[in-house]
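This is what each chain is made of:
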Amino acid sequence: INDCMRGRIYPLEGKIQLGGIKEYAEKFKNAHRIIIVACGTSWHAGLVGEYLIEEYARIPVEVEYASEFRYRNPIISENDIVIAISQSGETADTMAAIEMAKSKGATIFGICNVVGASIPRLSDAGMYTHAGPEIGVASTKAFTAQVTALTLMAFYMAEVKGTLPKTKLIALLSELERIPSLVEKALESDKLILEIAEKFKDSRNALFLGRGSGFPVALEGALKLKEISYIHAEGYPAAEMKHGPIALIDEEMPVIVIATKNSSYEKVISNIQEVKARKGIVVAIVTEGDTDVVKMADYSIEIPASDEAFLPLLATIPLQLLSYHIAVLRGCNVDQPRNLAKSVTV
Ligand code: F1P
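Fair warning: this is a prediction, and the values are worked out from it, not measured in the lab. (Residues numbered from 1 in each chain as written. Predicted model: local features only at pLDDT ≥ 70, side-chain atom pairs only at ≥ 80, totals over all residues.)

### A few points about the overall build of the chain
For clarity, the cut-off: Helix and strand definitions here come from DSSP, where helices need a minimum of 4 consecutive H or I residues and strands a minimum of 2 consecutive E residues; each element is numbered from the N-terminal end. Here the globule rule reads 2.2 Å times residues to the power 0.38, and the radius of gyration is calculated from C-alpha atoms. Burial is judged by counting the other C-beta atoms within 10 Å of a residue's own C-beta: 20 or more makes it buried, 12 or fewer makes it exposed, and any count in between marks it as partly exposed, with every C-beta position built from the backbone. The contact rule is simple: place each C-beta atom from the backbone, and if two of them lie within 7 Å, those residues are in contact.
A count of helical and extended segments in the chain gives 13 helices and 10 strands. The C-alpha radius of gyration of the chain comes to 20 Å, within 12% of the 20 Å expected for a compact globule of 346 residues. Seen through its principal axes, the chain has C-alpha atoms that stretch 55 × 45 × 40 Å. Looking at the 346 residues of the chain, the share that counts as buried comes to 51%. Of all intrachain contacts in the chain linking residues separated by at least 6 positions in sequence, the fraction that spans at least 24 positions is 72%.

### Quick notes on the site of the ligand
Note the cut-off: Note on definitions: a residue is near a molecule or strand provided its C-beta atom, placed from the backbone, lies within 6 Å of it. Any residue that is not Ala, Val, Leu, Ile, Met, Phe, Trp, Tyr, Cys, Pro, Asp, Glu, Lys or Arg is counted as polar, Gly included; the first ten are nonpolar and the last four charged.
The ligand sits among 16 residues. The nearest are G40, T41, S86, S88 and T91. By residue number, the principal contributor to the shell around the ligand is helix α3 (residues 40–57), which donates 3 residues. For the shell around the ligand, a count of residues per class yields 5 nonpolar, 10 polar and 1 charged.

### With respect to the environment of E251
Mapped onto the fold, E251 is located in the loop between β7 (232–237) and β8 (254–258). In this structure the C-alpha to C-alpha distance between E251 and V48, which are 203 residues apart in sequence, comes to 31 Å.

### Details of the domain arrangement of the chain
How big an interface is tends to be stated in terms of the accessible area lost upon association of its parts. How we decide: As used throughout, domain bounds are those supplied by an automatic or database domain assignment.
Segmentation of the chain into domains returns domain 1 (2–164) and domain 2 (184–329). Of note, the centres of domain 1 and domain 2, computed from C-alpha atoms alone, are 28 Å apart. Contact residues are listed per partner, giving 14 residues for domain 1 and 14 residues for domain 2. Breaking the side of domain 1 that touches domain 2 down by element, the ones donating at least two residues are α3 and α7 (141–161). When residues of the side of domain 1 that touches domain 2 are assigned to their parent elements, the largest contribution, 7 residues, is made by α3. Of the residues in the side of domain 1 that touches domain 2, the class split is 7 nonpolar, 7 polar and no charged.

### Structural notes on the sheet that holds β7
Our working rule: Pairing between two strands is assigned when DSSP locates at least 2 bridges connecting them. An axis is simply a line fitted to the C-alpha atoms; with a helix, the fit covers only the stretch in contact. Between two such axes, the angle follows the N-to-C directions and lies from 0 to 180 degrees.
Here we have 5 strands laid out as an open sheet, ordered β7-β6-β8-β9-β10, and parallel in their pairing. The open sheet has two edge strands, β7 and β10 (299–303), and neither has a second partner. Geometrically, the sheet is characterised by an average inter-axis angle of 20 degrees between neighbouring strands, direction not taken into account. Where helix α13 (residues 311–329) meets the sheet, its contacts fall on β8, β9 (281–287) and β10, and the angle it forms with β10 comes to roughly 135 degrees.

### Focus on the pairing of strand β1 (residues 33–38)
Stated formally: When the strands point away from the viewer and the connection leading from the first strand across the helix to the second strand turns clockwise, the crossover is called right-handed.
Of all 6 residues in β1, 5 are buried, a share of seventy percent or more. Two elements, β1 and strand β3 (residues 80–86), share 5 bridges in a ladder whose sense is parallel. Among the inter-strand pairings, I34 is bridged to a residue of β3, identified as I81. In terms of handedness, the path from β1 via α3 over to strand β2 (residues 61–65) forms a crossover that is right-handed.

### Thoughts on the sheet that holds strand β4 (residues 107–112)
The 5 strands are arranged β2-β1-β3-β4-β5 in an open sheet whose pairing can be described as parallel. At either margin of the open sheet sits one strand with a lone partner, and together these are β2 and β5 (125–128). On average, each strand axis in the sheet is inclined to that of its neighbour by 20 degrees, with strand direction left out of account. Here α3 sits on the sheet in contact with β1, β2 and β3, set at roughly 175 degrees to β2. Sheet strands in contact with helix α5 (residues 92–103) are β1, β3 and β4, and its direction is about 165 degrees off that of β3.

### Some thoughts on α3
This is how the line gets drawn: Expected helix span is taken as 1.5 Å per residue step, with the number of steps being one fewer than the number of residues.
An ideal rise of 1.5 Å per residue puts 26 Å on 18 residues; α3 measures up with 25 Å between its terminal C-alpha atoms. Across the 18 residues that make up α3, a large majority, 15, are buried.

### Focus on the nonpolar core
A general trend in soluble globular proteins is that nonpolar side chains are found buried together. Counted only if it meets this: By our criterion, buried Ala, Val, Leu, Ile, Met, Phe, Trp, Tyr and Cys residues that link up through C-beta atoms within 7 Å make up a nonpolar core.
Formed by 113 residues in total, the largest nonpolar core has its most connected members in V82, A84, A154, V257 and A284. Sort the elements by how many residues they give to this core and α7 lands first, with 13 residues. Split by domain, this core shows at least three residues from each of two domains, domain 1 (2–164) and domain 2 (184–329). With sequence-adjacent residues up to four places away left out, V257 is seen in contact with L209, A238, V268, N271, I272, V282 and A284.

What follows is the structure, encoded as C-alpha coordinates:
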(Lines give C-alpha, C1' and ligand atoms only; values in the text may rest on other atoms or scores of the structure.)
Protein backbone atom coordinates (compact mmCIF):
# COMPACT_ATOMS: atom_id res chain seq x y z
CA ILE A 1 0.00 0.00 0.00
CA ASN A 2 2.74 2.42 0.91
CA ASP A 3 4.48 1.83 -2.39
CA CYS A 4 1.27 2.57 -4.25
CA MET A 5 0.93 5.84 -2.41
CA ARG A 6 4.49 6.90 -3.05
CA GLY A 7 5.19 5.50 -6.47
CA ARG A 8 2.03 6.17 -8.36
CA ILE A 9 -0.22 8.64 -6.70
CA TYR A 10 1.88 10.17 -4.00
CA PRO A 11 3.12 13.70 -4.82
CA LEU A 12 6.19 13.97 -7.02
CA GLU A 13 9.43 15.19 -5.48
CA GLY A 14 10.31 18.81 -6.02
CA LYS A 15 6.85 20.00 -7.09
CA ILE A 16 4.25 21.84 -5.06
CA GLN A 17 2.97 18.95 -3.00
CA LEU A 18 -0.17 17.89 -1.27
CA GLY A 19 0.60 16.47 2.15
CA GLY A 20 -0.32 12.90 1.18
CA ILE A 21 -2.56 10.48 2.98
CA LYS A 22 0.06 8.89 5.20
CA GLU A 23 0.56 11.95 7.40
CA TYR A 24 -3.20 11.96 7.95
CA ALA A 25 -3.56 8.29 8.81
CA GLU A 26 -4.71 9.09 12.38
CA LYS A 27 -7.23 11.65 11.14
CA PHE A 28 -8.76 9.11 8.78
CA LYS A 29 -8.71 6.47 11.50
CA ASN A 30 -10.67 8.70 13.86
CA ALA A 31 -12.87 10.47 11.32
CA HIS A 32 -16.55 10.42 12.25
CA ARG A 33 -17.53 11.01 8.68
CA ILE A 34 -16.09 11.73 5.26
CA ILE A 35 -17.86 14.28 3.06
CA ILE A 36 -16.89 14.19 -0.61
CA VAL A 37 -17.49 17.39 -2.58
CA ALA A 38 -17.07 17.74 -6.35
CA CYS A 39 -18.80 18.66 -9.60
CA GLY A 40 -19.65 16.75 -12.79
CA THR A 41 -17.49 13.75 -13.56
CA SER A 42 -15.48 14.27 -10.38
CA TRP A 43 -18.73 13.96 -8.41
CA HIS A 44 -19.33 10.57 -10.03
CA ALA A 45 -15.84 9.48 -8.97
CA GLY A 46 -16.83 10.62 -5.46
CA LEU A 47 -19.88 8.32 -5.54
CA VAL A 48 -17.61 5.40 -6.43
CA GLY A 49 -15.45 6.47 -3.47
CA GLU A 50 -18.49 6.28 -1.20
CA TYR A 51 -19.15 2.65 -2.15
CA LEU A 52 -15.50 1.66 -1.74
CA ILE A 53 -14.71 3.53 1.49
CA GLU A 54 -17.89 2.37 3.24
CA GLU A 55 -17.42 -1.20 2.00
CA TYR A 56 -13.77 -1.59 2.93
CA ALA A 57 -12.95 0.99 5.61
CA ARG A 58 -16.41 1.23 7.23
CA ILE A 59 -16.27 5.03 7.57
CA PRO A 60 -19.60 6.80 6.85
CA VAL A 61 -19.38 8.81 3.62
CA GLU A 62 -21.63 11.50 2.14
CA VAL A 63 -21.19 12.76 -1.40
CA GLU A 64 -22.34 16.30 -2.16
CA TYR A 65 -22.49 18.44 -5.26
CA ALA A 66 -20.16 21.29 -4.38
CA SER A 67 -22.51 23.69 -6.16
CA GLU A 68 -25.28 22.84 -3.64
CA PHE A 69 -23.18 22.24 -0.57
CA ARG A 70 -21.60 25.69 -0.72
CA TYR A 71 -24.96 27.45 -0.52
CA ARG A 72 -26.56 25.54 2.33
CA ASN A 73 -25.69 25.41 5.97
CA PRO A 74 -24.43 21.85 6.46
CA ILE A 75 -23.55 20.38 9.85
CA ILE A 76 -19.79 19.92 9.83
CA SER A 77 -17.50 19.22 12.77
CA GLU A 78 -13.76 19.09 13.39
CA ASN A 79 -13.96 15.31 13.24
CA ASP A 80 -15.12 15.38 9.64
CA ILE A 81 -12.82 15.02 6.66
CA VAL A 82 -13.85 16.72 3.44
CA ILE A 83 -12.42 15.13 0.30
CA ALA A 84 -12.54 17.62 -2.59
CA ILE A 85 -12.12 16.08 -6.04
CA SER A 86 -11.32 18.12 -9.14
CA GLN A 87 -9.52 17.45 -12.38
CA SER A 88 -8.62 21.09 -13.03
CA GLY A 89 -8.28 22.16 -9.41
CA GLU A 90 -9.91 25.48 -10.34
CA THR A 91 -13.65 24.74 -10.20
CA ALA A 92 -15.25 27.70 -8.42
CA ASP A 93 -18.03 25.72 -6.70
CA THR A 94 -15.60 23.15 -5.32
CA MET A 95 -13.29 25.90 -4.06
CA ALA A 96 -16.17 27.67 -2.33
CA ALA A 97 -17.29 24.38 -0.73
CA ILE A 98 -13.76 23.83 0.59
CA GLU A 99 -13.59 27.32 2.07
CA MET A 100 -16.94 26.90 3.80
CA ALA A 101 -16.01 23.47 5.26
CA LYS A 102 -12.64 24.80 6.36
CA SER A 103 -14.27 27.69 8.21
CA LYS A 104 -16.27 25.09 10.17
CA GLY A 105 -13.10 23.24 11.20
CA ALA A 106 -13.09 20.25 8.81
CA THR A 107 -9.84 18.81 7.47
CA ILE A 108 -9.63 19.15 3.68
CA PHE A 109 -8.11 16.42 1.55
CA GLY A 110 -7.73 17.30 -2.14
CA ILE A 111 -7.61 14.95 -5.11
CA CYS A 112 -6.47 16.92 -8.11
CA ASN A 113 -4.85 16.37 -11.48
CA VAL A 114 -3.16 19.73 -12.00
CA VAL A 115 -0.06 20.21 -9.88
CA GLY A 116 -0.07 23.51 -7.99
CA ALA A 117 -3.69 24.40 -8.89
CA SER A 118 -5.88 26.38 -6.46
CA ILE A 119 -7.65 23.38 -4.87
CA PRO A 120 -4.42 21.64 -3.80
CA ARG A 121 -3.29 24.95 -2.33
CA LEU A 122 -6.51 25.30 -0.35
CA SER A 123 -6.26 21.71 0.94
CA ASP A 124 -4.58 20.53 4.15
CA ALA A 125 -3.40 17.34 2.48
CA GLY A 126 -4.19 15.18 -0.50
CA MET A 127 -2.89 13.47 -3.57
CA TYR A 128 -2.28 14.27 -7.19
CA THR A 129 -3.62 11.90 -9.79
CA HIS A 130 -0.92 12.71 -12.39
CA ALA A 131 -3.18 11.54 -15.21
CA GLY A 132 -1.48 13.96 -17.60
CA PRO A 133 -3.23 16.90 -19.26
CA GLU A 134 -6.83 16.29 -20.37
CA ILE A 135 -6.73 17.31 -24.03
CA GLY A 136 -10.50 17.29 -24.37
CA VAL A 137 -12.90 19.23 -22.17
CA ALA A 138 -14.86 16.20 -20.95
CA SER A 139 -13.00 14.27 -18.26
CA THR A 140 -12.09 10.71 -19.22
CA LYS A 141 -8.68 9.58 -18.01
CA ALA A 142 -9.04 12.02 -15.09
CA PHE A 143 -12.11 10.01 -14.01
CA THR A 144 -10.32 6.66 -14.07
CA ALA A 145 -7.35 8.22 -12.24
CA GLN A 146 -9.67 9.70 -9.57
CA VAL A 147 -11.36 6.32 -9.13
CA THR A 148 -7.93 4.68 -8.84
CA ALA A 149 -6.92 7.21 -6.18
CA LEU A 150 -10.13 6.61 -4.22
CA THR A 151 -9.72 2.82 -4.53
CA LEU A 152 -6.21 3.08 -3.08
CA MET A 153 -7.48 5.38 -0.33
CA ALA A 154 -10.24 2.93 0.58
CA PHE A 155 -7.69 0.11 0.84
CA TYR A 156 -5.32 2.31 2.86
CA MET A 157 -8.05 3.37 5.28
CA ALA A 158 -9.12 -0.27 5.60
CA GLU A 159 -5.55 -1.18 6.54
CA VAL A 160 -5.29 1.68 9.06
CA LYS A 161 -8.65 0.84 10.62
CA GLY A 162 -8.14 -2.92 10.49
CA THR A 163 -11.51 -3.43 8.82
CA LEU A 164 -10.33 -5.99 6.28
CA PRO A 165 -8.52 -9.29 6.88
CA LYS A 166 -4.90 -9.00 5.77
CA THR A 167 -5.30 -11.86 3.31
CA LYS A 168 -8.15 -10.02 1.56
CA LEU A 169 -6.12 -6.81 1.41
CA ILE A 170 -3.14 -8.62 -0.07
CA ALA A 171 -5.41 -10.30 -2.64
CA LEU A 172 -6.89 -6.92 -3.61
CA LEU A 173 -3.46 -5.35 -3.98
CA SER A 174 -2.20 -8.16 -6.11
CA GLU A 175 -5.31 -7.89 -8.31
CA LEU A 176 -4.61 -4.15 -8.55
CA GLU A 177 -1.30 -5.02 -10.26
CA ARG A 178 -3.31 -6.71 -13.05
CA ILE A 179 -5.61 -3.74 -13.67
CA PRO A 180 -3.47 -2.00 -16.35
CA SER A 181 -3.43 -5.19 -18.44
CA LEU A 182 -7.17 -5.75 -17.85
CA VAL A 183 -7.86 -2.19 -19.03
CA GLU A 184 -5.81 -2.94 -22.18
CA LYS A 185 -7.99 -6.00 -22.68
CA ALA A 186 -11.19 -3.97 -22.23
CA LEU A 187 -9.92 -1.59 -24.94
CA GLU A 188 -9.79 -4.49 -27.40
CA SER A 189 -13.59 -4.25 -27.78
CA ASP A 190 -13.14 -0.95 -29.60
CA LYS A 191 -14.13 -2.31 -33.03
CA LEU A 192 -17.26 -3.99 -31.69
CA ILE A 193 -18.19 -0.80 -29.82
CA LEU A 194 -17.86 1.20 -33.05
CA GLU A 195 -20.30 -1.23 -34.71
CA ILE A 196 -22.74 -0.79 -31.82
CA ALA A 197 -22.29 2.99 -31.99
CA GLU A 198 -23.39 2.89 -35.67
CA LYS A 199 -26.75 1.48 -34.53
CA PHE A 200 -27.37 4.23 -31.99
CA LYS A 201 -25.89 7.31 -33.61
CA ASP A 202 -29.35 8.67 -34.41
CA SER A 203 -30.94 7.89 -31.04
CA ARG A 204 -32.59 10.79 -29.28
CA ASN A 205 -32.43 9.33 -25.78
CA ALA A 206 -30.54 6.68 -23.85
CA LEU A 207 -30.83 5.15 -20.42
CA PHE A 208 -27.85 3.84 -18.42
CA LEU A 209 -28.46 1.43 -15.56
CA GLY A 210 -26.17 -0.03 -12.89
CA ARG A 211 -26.29 -1.30 -9.33
CA GLY A 212 -23.83 -0.86 -6.47
CA SER A 213 -20.66 0.81 -7.67
CA GLY A 214 -21.99 0.21 -11.19
CA PHE A 215 -24.55 2.96 -10.53
CA PRO A 216 -22.05 5.88 -10.57
CA VAL A 217 -20.50 4.29 -13.64
CA ALA A 218 -23.94 4.42 -15.29
CA LEU A 219 -24.22 8.10 -14.32
CA GLU A 220 -20.83 8.78 -15.84
CA GLY A 221 -21.70 6.87 -19.03
CA ALA A 222 -24.81 9.02 -19.42
CA LEU A 223 -22.90 12.24 -18.73
CA LYS A 224 -20.22 11.42 -21.32
CA LEU A 225 -22.88 10.73 -23.95
CA LYS A 226 -24.65 14.03 -23.14
CA GLU A 227 -21.44 16.07 -23.04
CA ILE A 228 -19.90 14.96 -26.32
CA SER A 229 -22.74 13.72 -28.54
CA TYR A 230 -25.64 15.90 -27.28
CA ILE A 231 -27.93 12.89 -26.96
CA HIS A 232 -30.23 13.13 -23.98
CA ALA A 233 -29.14 10.40 -21.55
CA GLU A 234 -30.02 9.49 -17.98
CA GLY A 235 -28.16 7.30 -15.52
CA TYR A 236 -30.23 5.45 -12.92
CA PRO A 237 -29.75 2.83 -10.25
CA ALA A 238 -31.20 -0.22 -12.02
CA ALA A 239 -33.73 -0.85 -9.24
CA GLU A 240 -35.08 2.72 -9.50
CA MET A 241 -36.14 2.12 -13.08
CA LYS A 242 -39.51 0.80 -11.99
CA HIS A 243 -40.14 4.01 -10.02
CA GLY A 244 -40.41 6.18 -13.10
CA PRO A 245 -38.02 5.76 -16.06
CA ILE A 246 -39.65 2.47 -17.04
CA ALA A 247 -42.43 4.61 -18.56
CA LEU A 248 -39.93 5.77 -21.21
CA ILE A 249 -38.95 2.33 -22.43
CA ASP A 250 -40.03 1.31 -25.92
CA GLU A 251 -38.40 -0.07 -29.05
CA GLU A 252 -36.70 3.31 -29.64
CA MET A 253 -34.91 3.41 -26.30
CA PRO A 254 -31.37 2.02 -25.96
CA VAL A 255 -30.76 0.85 -22.39
CA ILE A 256 -27.13 0.36 -21.52
CA VAL A 257 -26.88 -1.97 -18.52
CA ILE A 258 -23.83 -2.80 -16.43
CA ALA A 259 -24.49 -6.49 -15.94
CA THR A 260 -21.16 -7.91 -14.83
CA LYS A 261 -20.83 -10.98 -12.60
CA ASN A 262 -20.76 -9.49 -9.16
CA SER A 263 -22.97 -9.38 -6.07
CA SER A 264 -25.91 -7.78 -7.92
CA TYR A 265 -25.76 -9.99 -11.04
CA GLU A 266 -29.04 -11.85 -10.44
CA LYS A 267 -30.93 -8.66 -9.70
CA VAL A 268 -29.58 -6.97 -12.82
CA ILE A 269 -30.76 -9.94 -14.87
CA SER A 270 -34.31 -9.32 -13.67
CA ASN A 271 -33.95 -5.61 -14.57
CA ILE A 272 -32.92 -6.64 -18.09
CA GLN A 273 -35.98 -8.86 -18.32
CA GLU A 274 -38.15 -5.89 -17.34
CA VAL A 275 -36.60 -3.81 -20.14
CA LYS A 276 -36.96 -6.58 -22.71
CA ALA A 277 -40.60 -7.14 -21.74
CA ARG A 278 -41.19 -3.52 -22.83
CA LYS A 279 -39.26 -3.96 -26.09
CA GLY A 280 -36.32 -1.79 -24.99
CA ILE A 281 -32.99 -2.39 -26.74
CA VAL A 282 -30.40 -3.69 -24.28
CA VAL A 283 -26.68 -3.09 -24.60
CA ALA A 284 -25.09 -5.08 -21.78
CA ILE A 285 -21.63 -4.68 -20.32
CA VAL A 286 -20.84 -8.26 -19.29
CA THR A 287 -18.05 -10.24 -17.70
CA GLU A 288 -16.04 -12.22 -20.26
CA GLY A 289 -17.47 -15.68 -20.78
CA ASP A 290 -20.98 -14.71 -19.65
CA THR A 291 -23.74 -16.49 -21.53
CA ASP A 292 -26.95 -15.75 -19.60
CA VAL A 293 -27.00 -11.97 -20.11
CA VAL A 294 -25.59 -12.32 -23.63
CA LYS A 295 -28.64 -14.42 -24.57
CA MET A 296 -31.06 -11.78 -23.28
CA ALA A 297 -29.31 -8.64 -24.51
CA ASP A 298 -29.42 -7.24 -28.04
CA TYR A 299 -25.75 -6.32 -27.89
CA SER A 300 -23.05 -7.32 -25.38
CA ILE A 301 -19.63 -5.91 -24.65
CA GLU A 302 -17.27 -8.01 -22.54
CA ILE A 303 -14.92 -6.72 -19.89
CA PRO A 304 -12.37 -8.95 -18.11
CA ALA A 305 -13.31 -10.69 -14.86
CA SER A 306 -11.88 -9.11 -11.70
CA ASP A 307 -12.71 -8.41 -8.06
CA GLU A 308 -15.83 -6.27 -7.61
CA ALA A 309 -13.62 -3.50 -6.17
CA PHE A 310 -12.30 -2.82 -9.66
CA LEU A 311 -15.63 -2.94 -11.51
CA PRO A 312 -15.85 0.89 -11.87
CA LEU A 313 -12.39 1.07 -13.44
CA LEU A 314 -13.13 -1.61 -16.02
CA ALA A 315 -16.80 -0.95 -16.80
CA THR A 316 -16.12 2.74 -17.52
CA ILE A 317 -13.89 1.95 -20.51
CA PRO A 318 -16.58 0.61 -22.92
CA LEU A 319 -18.97 3.42 -21.93
CA GLN A 320 -16.37 6.09 -22.71
CA LEU A 321 -15.63 4.41 -26.05
CA LEU A 322 -19.32 4.16 -26.90
CA SER A 323 -19.84 7.89 -26.30
CA TYR A 324 -16.70 8.70 -28.25
CA HIS A 325 -17.72 6.71 -31.32
CA ILE A 326 -21.32 7.94 -31.29
CA ALA A 327 -20.10 11.55 -31.03
CA VAL A 328 -17.60 11.15 -33.89
CA LEU A 329 -20.24 9.45 -36.08
CA ARG A 330 -22.57 12.39 -35.42
CA GLY A 331 -19.85 14.80 -36.50
CA CYS A 332 -19.39 16.32 -33.04
CA ASN A 333 -16.11 17.79 -31.87
CA VAL A 334 -15.31 15.45 -28.99
CA ASP A 335 -12.49 17.65 -27.67
CA GLN A 336 -14.42 20.92 -27.66
CA PRO A 337 -18.09 20.21 -26.94
CA ARG A 338 -20.36 23.21 -27.30
CA ASN A 339 -21.12 25.24 -24.15
CA LEU A 340 -18.58 23.37 -21.99
CA ALA A 341 -15.49 24.88 -20.38
CA LYS A 342 -12.46 22.99 -19.15
CA SER A 343 -12.49 24.81 -15.84
CA VAL A 344 -15.75 26.19 -14.61
CA THR A 345 -14.37 29.17 -12.74
CA VAL A 346 -17.56 31.15 -12.21
C1 F1P B 1 -15.72 19.41 -13.23
C2 F1P B 1 -16.44 19.35 -14.56
C3 F1P B 1 -16.00 18.16 -15.41
C4 F1P B 1 -16.65 18.18 -16.79
C5 F1P B 1 -16.36 19.52 -17.49
C6 F1P B 1 -16.80 20.66 -16.61
O7 F1P B 1 -14.41 19.80 -13.39
O8 F1P B 1 -17.83 19.25 -14.31
O9 F1P B 1 -16.33 16.95 -14.77
O10 F1P B 1 -16.18 17.10 -17.59
O11 F1P B 1 -15.02 19.63 -17.80
O12 F1P B 1 -16.20 20.55 -15.30
P13 F1P B 1 -13.24 19.52 -12.34
O14 F1P B 1 -13.60 20.18 -11.04
O15 F1P B 1 -13.12 18.03 -12.18
O16 F1P B 1 -12.05 20.15 -13.00
